[in-house]
Amino acid sequence: GPADGGPADGGPADGGPAWLASLSGLASLPAAQSEVEQLRREAAQVRSEIDLARRSLSEVRRGAESAGEQLEATQARLQATQSELADGVAQLAAAREEAAAATRAAE
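Summarised in this report is the structure supplied together with it. Keep in mind it's a predicted model, so treat the numbers as computed, not measured.

## Observations concerning the overall build of the protein chain
Stage number 1. What the protein chain contains, in helices and strands, is 2 helices and 0 strands.
Stage number 2. Across the 107 residues in the protein chain, those meeting the buried criterion constitute 3%.
Stage number 3. A total of about 8800 Å² of accessible surface is found on the protein chain, and carbon and sulfur atoms cover 58% of it.

## Let's talk about the pattern of salt bridges
Stage number 1. Taken as a whole, this structure holds 3 salt bridges when the rule is applied.
Stage number 2. Two residues, Glu37 and Arg40, come together in a salt bridge whose shortest N-O distance is 2.9 Å. Note that Glu37 and Arg40 are positioned in helix 2 (residues 29-106) at a spacing of 3 residues, about one turn of the helix.
Stage number 3. Residue Arg40 is classed as exposed on the basis of its relative accessible area, which comes to 53%.
Stage number 4. The salt bridge partner of Arg104 is Glu97, with a shortest N-O separation of 3.7 Å.

The rules behind each value
- Residues numbered from 1 in each chain as written.
- Predicted model: local features only at pLDDT ≥ 70, side-chain atom pairs only at ≥ 80, totals over all residues.
- Heavy atoms only, no water.
- Helix = DSSP H or I, 4+ residues; strand = E, 2+ residues; numbered from the N terminus.
- Buried < 20%, exposed > 50% of the residue type's maximum accessible area, 1.4 Å probe, protein only.
- Areas by Shrake-Rupley, 256 points an atom, 1.4 Å probe, with all protein chains shown as cover.
- Salt bridge = Lys/Arg side-chain N within 4 Å of Asp/Glu carboxyl O.

Below you can see the structure in the form of structure tokens.
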């Protein structure tokens with residue numbers, strides 16, 4: 001047997017049985033499982049960040065659509081204001097013309 005007095009069954013030098021030596025390869029299994037769990041957590045985090053980015057993008061799109069609608073409404077109001085202004089200028093010109101005619105008639 002081994003020098004430390006273990007049985008001559010091919011076991012480790014500390015005298016443990018041979019089947020225990022075959023289990024020593026499984027010692028790395030918890031570490032592998034831990035790594036798999038860590039990768040799963042990281043993947044879930046990435047999925048969560050992607051979902052958040054998608055929601056943010058949707059909000060940006062809705063904001064852009066809303067801004068576009070507001071711009072169209074503002075342009076429509078501006079065109080209406082320009083039309084009113086043109087009407088006002090035409091009325092002012094007509095009033096000036098009437099005043100000038102009245103002045104000429106009074107002279």
